[in-house]
Amino acid sequence: MQTAIIILRQILTMALYMMTGFALYKTQKISDQGSKSIANILVWLVIPLTIINSFRVGYSYEQLIRFLISFLVGLLAIIISMIVSRIIFGRDPINCFGASFSNAGFIGIPLIQESLGDTAVFLIVGMIVGLNILQWTYGIGLLLGNSHKLDLKNMFLNPIVIGSLIGFFIFLSGRGDVLPSVIGNFISGVAALNAPLAMLVLGVYLGKTSIKSLFTTKKLYFVSLVRLLLIPIITIAVLSMLPIDNTLKLAILIAASAPAGANVAVYAQLYDNDYPYACMVVAHSSIYSILTLPLIILIFMSLCG
C-alpha cells in the first residue's frame, strides 16, 4: 500500500510537470522546435546518463546474475505486450505500436527512481535496451509495412544502447561505486533532469492534440485499456509465477505498465504515418496512467505481498 501511495504521489508530481509543458506550449513559450531540442537533450544526454548512473553499484557475481535475470524478465514482459497487441490490433500500425511498447524510459525510469531508488533503475536497463531495439525493428516495420529494411548501424549505435554498454562496462570494472566525485556528481545531476524534462515534452505532445478529440475518440480508450490495464494484469499473472524477488518484479511491472511510449509519435512523424493520432495515443494513455498505475501496483501488492 505504501509503495502504491509513493507511486501515486510521483505520478501526480509528473502530471504537474506535464501540465507545465502543456501551458508553456499553449502560451508559445516552447515552440515545436524547442520541444524537439528538449527531446534531443533527453535522448542524447539525459537518458543515457540516467542509465549509466543506474550502473554505479558495486560489482558482485550476485549483482551480475540479477542484472541478467532482469534482462530476461524484462524481455519477457515486452514479448507479452507485443503478442497481446498483435492479437487485438493486428497490423494496425499506430495502435499496435502504442500498445506494444510502454514509455519505460521517459516515465518508467523516473517512477522507479523515486519509488524504489536510483539503484533499482539497474533492474530495467536491459528491458529499455530491448524496447529500443524492438521499436527500431518490429515497431518501424509496423509503420512502414513491407518496405521496411533493417538499419543495423542505427539500431545498435544509438545513445541508449551506447549508454547501456558504457554503464555495463563501468559496472563490470568494479569502479561503479567509486567514480571520482566530480564525475559522479555530474552524472547524477544530469540524471535528475530526466523526469522534469521528459514530462515537459509529453506536455507539449498533449498541447499538439485536440482536447475535444482526445476525450471523444472512442478507439483511444480501447488502446489505453489494453496498454494500461490488460497488458499489466497479464504481466502480473506471469510475474507472480516466477521465482524472483518482489523488488525486481515491481520494477519490471512499473516499466511494463507505463503509458504508450513517446516513440510512437516520434517515429510516426519521421515515417509519414498518422502523427496527430499517434500524439493522441501518447497523451491519452499518459493522462489515464495517473489512475491505472497505482491500481496495478495495488493489485500486484495484494497478490505478491
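Reference entry: report on the structure contained in this document. (Residues numbered from 1 in each chain as written. Predicted model: local features only at pLDDT ≥ 70, side-chain atom pairs only at ≥ 80, totals over all residues. Heavy atoms only, no water.)

Some details on the overall build of the protein chain
Then, in step 1: On a plain count of helices and strands, the protein chain comes out with 15 helices and zero strands.
Then, in step 2: Whereas a compact globule of 305 residues would reach a radius of gyration of roughly 19 Å, the protein chain reaches 18 Å, a difference of no more than 12%.
Then, in step 3: Across its three principal axes, the protein chain shows a C-alpha extent of roughly 50 × 40 × 40 Å.
Then, in step 4: Burial analysis of the protein chain (305 residues in total) assigns 54% to the buried set.
Then, in step 5: Roughly 13100 Å² of accessible area belongs to the protein chain as shown, and the carbon and sulfur atoms make up 67% of that amount.
Then, in step 6: Charge separation in the protein chain, taken as the distance between the mean sites of 17 positive and 10 negative side-chain charges, equals 7 Å. (Helix = DSSP H or I, 4+ residues; strand = E, 2+ residues; numbered from the N terminus. Rg over C-alpha atoms; globule rule 2.2 N^0.38 Å. Buried < 20%, exposed > 50% of the residue type's maximum accessible area, 1.4 Å probe, protein only. Areas by Shrake-Rupley, 256 points an atom, 1.4 Å probe, with all protein chains shown as cover. Lys, Arg positive; Asp, Glu negative; His and termini not counted. Charge placed at Lys NZ, Arg CZ, Asp CG, Glu CD.)

Observations concerning the layout of surface pockets
Then, in step 1: Considering only enclosed or pocket space, the largest pocket measures out at about 1000 Å³ in volume.
Then, in step 2: Surrounding the largest pocket, 37 residues form its lining, A39, V43, N263, V266 and Y267 being those nearest its centre.
Then, in step 3: Breaking the lining of the largest pocket down by element, the ones donating at least two residues are α2 (32–54), α5 (104–116), α6 (125–144), α7 (152–156), α8 (159–173), α10 (194–207) and α14 (263–270).
Then, in step 4: The element contributing the most residues to the lining of the largest pocket is α2, with nine residues.
Then, in step 5: When its residues are assigned to classes, the lining of the largest pocket shows 21 nonpolar, 13 polar and three charged.
Then, in step 6: Roughly 210 Å³ of volume is contained in the second largest pocket.
Then, in step 7: In terms of lining, the second largest pocket is formed by F55, F67, L68, F71, V125, G126, V129, F156, V161, S164, L165 and F168.
Then, in step 8: The leading source of residues in the lining of the second largest pocket is α8, at four residues.
Then, in step 9: Residues that form the lining of the second largest pocket fall into these classes: 10 nonpolar, two polar and no charged. (1 Å grid on protein atoms, 1.4 Å probe; cavity = no way out; pocket = protein on both sides within 12 Å on 5 of 7 lines; lining within 4 Å. Points joined across faces, edges and corners; volume = space filled by probe spheres on them. Nonpolar A, V, L, I, M, F, W, Y, C, P; charged D, E, K, R; others polar.)

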